[in-house]
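Inside the fold
If you want the building blocks of each chain, they are given just below.
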Amino acid sequence: MRFDDYQVMLFNYRGFVCPRQYSTTSFTNVQFLPISAPSYTFNLNFLDQNTGKTVRDDVPVIWDKLINEGKGFDPLGANFRPNSPFLMVTQDEIWQPNAYARSGTFHKEIEKQWLSFSIHTCTSVSYANDEVFLKIILKNRKDKPLKLTLIPQQIANQMNYDGIKGSDSARQLDVFTIGSEQMQARVSSDIETISDKGFELTLPPGEYVTVYFAVQFYAANSPEPPIVQKDIASRMKAADSVTSEKLKWAYDNVPKLESTNKKLQEYYYRCLLSILMSRYENPKYITNPFWAVGNWPFTISWDTSYASDVLAMLDPKSLKEAILTDFREVKMKRTYVSWKGAEWENLYIQEPFALQIMIEAYLRHTDDYSLFAEKAGDATVWEWLKQWVTELNTNYRNKEGLMDVGYDTQKIIEIRTDGYNHVVPIVNVLTVHLLYRMSEWAGLLKDKNAGNYLHDADKLKELMNLHLWNEQEGWFDNLYPDGTKEAIWTDHLFDALGTDYLTGNQVNKLVSHLREGEFLGKFGIYSIARRDSVHWDLIDSDWGGGGQYAGMPGRISRNLYKQGFAELGWEILKRNMRYIDYFPYLPQNPRTDAPIQDRSSMPLEISAGAGMEAIIFGTFGISIDKNLLTIKPNMHEEMGVSTLRDFKFKGKSYTIVIGKRNFSVYQDGIYLVTKPFGESVEITSNS
C-alpha cells in the first residue's frame, strides 16, 4: 500500500479515522463532523508491573519526531541499545473496509526476568456514534502471570467542535481524557480494574485474553462517558455488521462482475468501494445520504457526475437528492457545498454540464421526468436549468458569440500556468451539448424555448468550428481577446468525445493524440500532454500535467468505446487498473508515471466510479435510449471470460456473458441469444 498514515481510512458512513503504521493500537486524523481533530493521535502503552518497564506502542510518534525534528531516538535501535526505550515489535498489518488488523510481539529478558507476550488487534469505527473501537487479543507466553497496566496515550493540538465557542487547544484532563473547551475524547474499556495510571490487566500463563476499548469523542458540555463499559464488544460487532450490510447492499444493487481476469474484476469493485466510502449518513449533514467528493466533506456536482450512472443504479433517490441539493445550495454562485451548506463565492463553470450528466443518468435509469418539476429552493429543476442557459448567454458570450470564461482559470479548472482561459474550447463544446439537450427536454415539457435552444446550439457549433478548430493540429484552440490562438493540450478536451455532434474527422484527430509519449502514461493518461512544455506541471497532478484526476481515465475510456475505439478504451482502462496493486481505494489525483498520491489532495475520490461505468457501458457495450436497451459487448484478448450479471432495465434483469468468440444474453436468468462480436442485441420495453 502506497498511502501514508493520513491516507489510510477506517470509514463507516459517519466519519473516519486513520490507523497508524508500525503500531498495533495507534490511530490519528479524527473526523466525525461536527467533530474534527486532525492532529489527535491515540495509542496504548504497556507497563509490566513485575519489571517496572513500559513497552511503548507509539513508534509513529517517535519516528515523526526523529524525521521531522531530528530529535529523540531511532526506533530501529530500541530494545537493545543502551538507554533506548522498549518498543512493541510490529509484524503484520492488514486493511479491509472499516477493519484494520495488526499483530505484534514483545520478547525480551530484562534483568534476568522474561517479558514475552503476543498481541493481535483490530480497529474500526462506529456507525451509530462518534467513537473508535479497538479489540485486543493478548497472550502471555511464559509460565507466570503477567500483570500489565494498559496506559492510554492521547496527543492533540487542536480539538474542534463546529458551532461550540471556546478555545480549541487541547490539554490532558486525566489519564483517560483529553480535551479542549469545545470537545473531549475519553478512553473506555471493558477492563473493570482501573488506577490512576490506566487499566489493570492480568494475563494467565499461556492463555489468550481478549479485551475491548472505545475512544469516544463528544462536545465538551456533554456528560462524560463511563470509563468502564461492558457493552463495547457488542457495539463493535454492530458496527462491523453495518459495514458488511452496506457492502452487501451495494453489491446487490449494481451489476455484478465476474471475470477470469481477476485484475479487471478487482478494479471494478475498487471503483465501487471508492463510491461507497464517499457516502455519508451522518445525521448532522444537510442531506442524508450526502455524496462527498471523497474524504473531504463537500459535495461537488462535477465530481459526482463521474459516478452518476452508478449512483442511479445503486440509489436513485440519493442521486435525485444530490441534484436538488446542488441547485438549492449552489444557486449559480457557489460550487463548494459543505456538509452544512454552500461556502465561498467560487463557481466552476462546469456546474451546468455536470448537472446535465447527473440528470441524464437519473432519467436513463428511472424514466422519472417529474424531476424537472421538483422544487430546489427558489425554483424548480427545469427553471434552474433555464436560468443556467440565460446565465451562459448573458454573462459568458463574447462579441463573436462564443463562450468566454474570462481571465480567471479557477472558473474552469485550476492550473498554475496561464492560458487555459477566455474562450476555452471544451466550455463551448459542452455548451452546445447542453443546448441540444435543453431543446430535447423543452420539447418533452412543452416549453416554448425548444426552438431557441436548437437554434443557439446550431449557431454556437458553427462559430466553434469556424474559430476554434485547428485542422492542422487536429485540436480545438483557445482564443484570446486580442485574436491570438493557442492549443492547450489538456485531457479536459476529451470530454468532447461524450457528445454526439462532432464530425468524424474531428473525433479521429482528437483520438489520435491519445498515444504513448503524448497523453498515455504507465497508469493511464497525463492531464496535460507531455508535449506541452509551457503548461505541464509535475506537482499539480489532477489537471496540471503530472497525474490524472481520478474520473478522467474511466470517462475517456467509456467515450472511446462509444466512438468506436474499443481497443484504445481498453488500453486506458488496463493501465488505470495497475493502481489497485498499490491503493485499496482510488485517490483524487495520483501520478501517471508512479503510484504516488500527494498529501495535499484526497486519498479517496467518488469520481473513480467512472472506471466502473466504463466497464458496464463500454466493455460490455450497454446503452439505453428511453425504452430501448442495446447490448453490443467488446472482447479484448486479456479479458478472458467475463460475465456481467443483473443489469436492471425496466423491471427486468439482464446477464451478459463474454466468451472468446461470441457473447450471450440472458433475461431474468433465461437464455435469450448468442451472437458474434460486432453484432448487437436490442430489447424494447413498452412499459
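Residues numbered from 1 in each chain as written. Predicted model: local features only at pLDDT ≥ 70, side-chain atom pairs only at ≥ 80, totals over all residues. Heavy atoms only, no water.

Topic: the sheet that holds strand 22 (residues 337-338)
- One open sheet accounts for 3 strands, arranged 21-22-23; its pairing is antiparallel. Every other strand in the sheet has two partners, leaving strand 21 (298-299) and strand 23 (341-342) as the edge strands with one partner each.
- Two elements, strand 21 and strand 22, share 2 bridges in a ladder whose sense is antiparallel. Counterpart to Phe298 in the pairing with strand 22 is Ser338. (Pairing = 2+ DSSP bridges. Helix = DSSP H or I, 4+ residues; strand = E, 2+ residues; numbered from the N terminus.)

What to know about the sheet that holds strand 34 (residues 642-649)
- Strand order in the open sheet formed by 5 strands is 18-34-35-36-37, with antiparallel pairing between adjacent strands. Edge positions in the sheet fall to strand 18 (256-259) and strand 37 (670-676), since each has one partner strand and no second. When strand polarity is set aside, the average angle formed by the axes of neighbouring strands in this sheet is 20 degrees.
- Pairing between strand 18 and strand 34: 4 bridges, direction antiparallel. Note that in strand 34 the partner of Ser259 across the bridge is Ser642.
- Here helix 3 (residues 262-276) sits on the sheet and contacts strand 18 and strand 34; the angle it forms with strand 18, its principal contact strand, is near 160 degrees. (Axes fitted to C-alpha atoms, helices over the stretch in contact; angles between N-to-C directions. Contact = heavy atoms within 4.5 Å.)

Brief notes about the packing of aromatic side chains
- Summed over the entire model, instances satisfying the criterion amount to 47 aromatic pairs.
- With a centroid separation of 5.6 Å and 85 degrees between ring planes, the pair formed by Phe372 and Trp382 is classed as edge-to-face. Placement of Phe372 in the loop between helix 7 (351-366) and strand 24 (375-376) and of Trp382 in helix 8 (residues 381-395) is noted, with a sequence separation of 10 residues between them.
- The exposure class assigned to Phe372 is buried, which follows from its relative accessible area of 3%.
- Under the relative-accessibility criterion, Trp382 is labelled buried at 8%.
- Here the aromatic residues Phe3, Trp95, Phe523, Tyr579, Tyr582, Phe583 and Tyr585 are joined through ring pairs into a cluster of three or more.
- The side chain of Arg530 reaches across the aromatic face of Tyr526, ending 5.7 Å from its centre. (Phe/Tyr/Trp six-rings, centres within 6.5 Å; stacked < 30°, edge-to-face > 60°. Buried < 20%, exposed > 50% of the residue type's maximum accessible area, 1.4 Å probe, protein only. Lys NZ or Arg CZ within 6 Å of the ring centre and 35° of its normal.)

As for helix 15 (residues 609-619)
- Among the 11 residues of helix 15, 11 are classified as buried, and the element is accordingly described as predominantly covered.
- Those residues of helix 15 not exposed but buried are Gly609, Ala610, Gly611, Met612, Glu613, Ala614, Ile615, Ile616, Phe617, Gly618 and Thr619.
- Just beyond helix 15, the residue with positive phi is Gly621, at close to 65 degrees.

A word on the pattern of salt bridges
- Tallied over the entire structure, the rule returns 42 salt bridges.
- Put simply, Lys626 and Glu440 hold a salt bridge, and the shortest N to O gap is 3.4 Å. In this pair, Lys626 is assigned in the loop between strand 32 (622-625) and strand 33 (628-631) and Glu440 in helix 9 (residues 425-444), connecting sequence segments 186 residues apart.
- Accessibility expressed as a relative area gives 43% for Lys626, which makes it partly exposed.
- One network of salt bridges, with partners in common, ties together Glu516, Glu571, Lys574, Arg575 and Glu638. (Salt bridge = Lys/Arg side-chain N within 4 Å of Asp/Glu carboxyl O.)

Here we look at the environment of Gln7
- Residue placement: Gln7 occurs in the segment before strand 1 (10-11).
- Taking the C-alpha atoms as reference points, Gln7 and Leu444, separated by 437 residues in sequence, lie 47 Å from one another.
- The contacts of Gln7, once residues within four sequence positions are left out, are Arg2, Cys18, Tyr585, Gln597, Asp598, Arg599 and Pro603.

Remarks on the packing of helix 9 against helix 10 (residues 450-467)
- The interhelical angle for the contact between helix 9 and helix 10, taken along N-to-C directions, is 160 degrees, at an axis separation of 8 Å. By the angle between their axes, helix 9 is roughly antiparallel relative to helix 10. Here helix 9 and helix 10 pass one another in a crossing that is left-handed. Contacts between helix 9 and helix 10 involve Asn428, Val429, Thr431, Val432, Leu435, Tyr436, Met438, Ser439, Ala442 and Gly443 from the first element and Ala450, Tyr453, Leu454, Asp456, Ala457, Asp458, Leu460, Lys461 and Met464 from the second. (Parallel < 35°, antiparallel > 145°, perpendicular 65-115°, else oblique. Left-handed = near helix turned anticlockwise from the far one by under 90°.)

A word on the nonpolar core
- Tyr40, Phe46, Phe213, Phe217, Phe327, Ile359 and Ile426 are the most contacted members of the largest nonpolar core, which totals 213 residues.
- Considering each element in turn, this core owes the most residues, 11 residues, to helix 9.
- Ignoring sequence-local partners within four residues, the contact set of Phe46 consists of Thr25, Lys53, Thr54, Val55, Asp57, Met88, Phe117, Ile119, Leu138, Leu148, Thr149 and Leu150.
- The next biggest cluster of nonpolar side chains, apart from the first, holds 6 residues, and it includes Phe133, Tyr212, Met236 and Ala239. (Core = buried A, V, L, I, M, F, W, Y, C linked by side-chain atoms within 4.5 Å.)

Here's the deal with the pairing of strand 32
- Here strand 32 shows a clear split, with Ile622 and Ile624 buried on one side and none of Ser623 and Asp625 buried on the other.
- Both strand 32 and strand 33 contribute to a ladder of 4 bridges, which runs antiparallel. Counterpart to Ile624 in the pairing with strand 33 is Leu629.

Notes on the packing of helix 13 (residues 552-562) against helix 14 (residues 566-577)
- Relative to each other, helix 13 and helix 14 sit at 160 degrees, their axes nearing to 7 Å. Between helix 13 and helix 14, the angle is such that the two are roughly antiparallel. Every pair of crossing elements has a handedness; the one defined by helix 13 and helix 14 is left-handed. Seen from helix 13, the contacting residues are Pro553, Ile556, Ser557, Leu560 and Tyr561; seen from helix 14, they are Ala566, Leu568, Gly569, Trp570, Ile572, Leu573 and Asn576.
- Of the residues in the contact of helix 13 with helix 14, the class split is 9 nonpolar, 3 polar and no charged. (Nonpolar A, V, L, I, M, F, W, Y, C, P; charged D, E, K, R; others polar.)

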